[in-house]
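What the coordinates show
Chain residues, written in single-letter form:
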Amino acid sequence: KVVLLHSRNIGMTTFMLNICRCEEASPYTLANICMNVLIANLEELCSEKPDGTLCFPEHWSFPQEIADRFLGMMVYQGKLTDRTASIFQGNQMNLKMVNIQKAKISAAAFIKAFCHHKLVEVDATAVHSDLPIPDILSGLCSNSWIQQNLRCLLLDSTSIPQDSKQLSFGQLTGLRILSVFNVCFHTEDLANVSQLPNLENLDISNTLVTNISALLNCKDRLKFLTMHYLKCLTMTKPQILGVIRELQYLRHLDISNHRQLKSDLAFHLLQQEDILPNVVSLDISGGSCITDGAVERFIQQRPEMQFVGLLATDAGYSDFFTTKQGLRVAGGASMGQISEALSRYGNRSCFMKEALYRLFTETFSMHVHMPAILKLVAVGMRNHPMDLPVQFTASACALNLTRQGLAQGMPVRLLSEVTCLLFKALKNFPHYQQLQKNCLLSLTNSRILVDVPFDRFDAAKFVMKWLCRHENPKMQTMAVSITSILALQLSPEQIAQLQEELFMAVKELIAIVKQKTTEKLDDVTLLFALKALWNLTDESPAACKHFIENQGLAIYVQVLETFSESSVQSKVLGLLNNIAEVREFSSKLVTEDVMKHISSLLHSKEIEVSYFAAGIIAHLTSNKQPWLFRDLQRNALLQDLHATMKNWPSPSCKMSALVTYRSFKSFYSLLGNFSQPVVQLWGLWAMCHVCSKNPSKYCKMLVEEGGLQLLYDIQGHSQANPQAQQMATSILEDFRIPFLI
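What counts and how
Residues numbered from 1 in each chain as written. Predicted model: local features only at pLDDT ≥ 70, side-chain atom pairs only at ≥ 80, totals over all residues. Heavy atoms only, no water. Helix = DSSP H or I, 4+ residues; strand = E, 2+ residues; numbered from the N terminus. Buried < 20%, exposed > 50% of the residue type's maximum accessible area, 1.4 Å probe, protein only. Lys, Arg positive; Asp, Glu negative; His and termini not counted. Salt bridge = Lys/Arg side-chain N within 4 Å of Asp/Glu carboxyl O. Polar contact = N/O pair within 3.5 Å; in protein donor to acceptor, adjacent residues only side chain to side chain. Contact = heavy atoms within 4.5 Å. Expected span 1.5 Å × (residues − 1). Core = buried A, V, L, I, M, F, W, Y, C linked by side-chain atoms within 4.5 Å.

**Brief notes about the side chain of R403**
The topology assignment puts R403 in the loop between α18 (388–402) and α19 (412–428). For R403, which is buried and forms no salt bridge, the nearest opposite charge comes from E362, at a distance of 11 Å. Reaching out from R403, the side chain makes a polar contact with the backbone oxygen of N400 at a distance of 3.4 Å. Ignoring anything within four residues of it in the chain, the contact list for R403 reads T363, F364, S365, M366, H367 and N445.

Laid out in structure tokens, this is it:
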């Protein structure tokens, strides 16, 4: 345990990076799956106490390792609250390591839930101000076992009330590791901490300490000292070096600093020959006046050195740092150094910005799969959600690491995490356009857009708003293409919820189609716009209404008159099919201009064009209302439809346009129409076609939607068309639907 905790300070090894790669590429463990289910259903599985908190059934108990992991997962998912923390009261949970990073719980809940356990490690990094450090210490010190056995306490970025007295760590006599990074921790507190009899590892970075002389009290036991960015030190450099010289047992020293402060403490340290005889890890990143020669001499005098931090310095570029066996370097001179920097400085925004900038430069033209590096980029984004330079540079690095075919080599879970972090950045910085461009560019990746889980509803809102910004043609094309795919992935209910975004998007897409038609330019933007409108109107009466109200029908007639390519015709007819399925709007299609083109395209040599034209006719003629006083025209269309379908190939034929349906609901009225066999026949042909292409999806859909009975009705109906009965039997037998029941 201690070795692993030390890695928090001395950095992640190459081995740990490889573990990261394997973990993200592997399936979730059964234990994690079970715990996720428990967390998702806490309210249903728990009973409520009189005070409103939750508790598990009495006979439940959790082994120690499972209990520790379960708590960590609850915290990570933001599910640890005063109400839920109570499940850790009593003896059902046997906790040893409490990780409550960034949790929002009160001091009372913390003490009741955790301070009766036999804890050896507590990570309270950046917990909510409702749980300040004095209350954490008071709770831990209330348990005599914890006083003697707590080995690790991490309090980074945790609050201290202004009226607090001196912090009291003295009772935690078993403490070996203490971190108070970014805490209102004073010189007096350091004096108190230095008296701890077992303290070996101390992080006082970015605190209010003005004098480190108290460290001399623990000089015989201190092995790890991190004092990055000690901005309040009033000691002279000789005084500081005098203290460090006395720390003879130090194995790790971190005196890295913000480059902007131009501290030369490290420069003077490197000149000392009689200092740090046992050091194996020295971090001087951000120091000024650092040269390769000075660092080389220091390391050569200490041949056991295993790590040196040189990021944001002028050192690390000589061959010495690549040829020295067993030496890891966090710097900016190579991918190896950048990787080391990303792994070590995940919690330091100043160095994370520097490392990400170097990474962006290195990966700009790289064609290598690097999931471990992408994982480290994600860690930086997650740790610094409100730091714009980190988020912006990380988004650019993520693009470099996933562009073109590189995403194919990335685990889906990792891509999902990065995509979700990108959208979180969008919400935190809604007015930073370049960050939004990076997010939009990431969504053009087919691997991410099709295979990766993320909030597609939020993504659709973002892309539709971007679509209406009238950006340059390249950005517009990207927004249109993404909209065309996302629209197909949203449910009709989600599309209906878009409301304002949907109205604006339909209007903008129609304008794009009109412009391209006027210019007689059948480019990729036109095809994407037609596809987007087709997908947006699928089972969406609201989108169909917006389309009609924005003169979409007249513009689509112009499209058919301007372009004769089947790829354009099939997309136009696909949208008109969607309108034909909506009873309240279908009559809008029964006009001379529209019907002229549909009747003509019914005879197209391209089967997909003929298919969509036939679908429009089938839906329109199945409803007699729009055909009042036009019965002769309706009968002629039905006869023409029947004659055309006789010449079609079998339903299992291949079409160049992939036909997909969200549901079969619009077909069921056609299947029950025994008075018009040809309408029924088209519905069966369509269902038979998609079932032959994707039986696992559509046969299941048929069963779940209750359409199976309609097929049996057709099969056994005495007046049914023989060809219709044959197709119904084909679906039932060939795709073995009965076995799915």
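The discussion continues.
**Overview of helix α29 (residues 566–580)**
Over its 15 residues, α29 extends 20 Å from the first C-alpha to the last, a length consistent with the 21 Å expected when each residue adds 1.5 Å. With respect to burial, α29 is a largely interior element, 13 of its 15 residues being buried.

**Points about helix α23 (residues 473–489)**
Compared with an ideal rise of 1.5 Å per residue, which puts 17 residues at 24 Å, α23 spans 25 Å between its outermost C-alpha atoms and is within 8% of the ideal. Of all 17 residues in α23, 12 are buried, a share of seventy percent or more. Those residues of α23 not exposed but buried are M475, Q476, T477, M478, A479, V480, S481, I482, T483, S484, L486 and A487. Those residues of α23 that are buried are in contact with α20 (433–443), α21 (446–451), α22 (456–467), α24 (492–498), α25 (500–518) and α26 (524–537).

**Description of the pattern of salt bridges**
Where side chains of opposite charge bring their charged atoms close, a pairing between them can arise. Inspection of every chain in the model, using the stated rule, returns 19 salt bridges. A salt bridge links K237 to D264, with the shortest nitrogen-to-oxygen separation between them at 3.1 Å. Of this pair, K237 sits in helix α11 (residues 237–246) while D264 is found in the loop between β9 (252–254) and α12 (265–270), placing the two residues 27 residues apart along the sequence. Residue K237 is classed as partly exposed on the basis of its relative accessible area of 33%. A salt bridge links R328 to E340; its shortest N-O distance comes to 3.4 Å.

**What to know about the nonpolar core**
One recurring pattern in soluble globular proteins: nonpolar side chains tend to sit buried together. If you look at the biggest cluster of nonpolar residues, it comprises 152 residues, and the most contacted ones within it are L359, F547, Y611, F664 and W682. Residues L137, I160, V279 and F320 belong to the second largest nonpolar core, which totals 99 residues.

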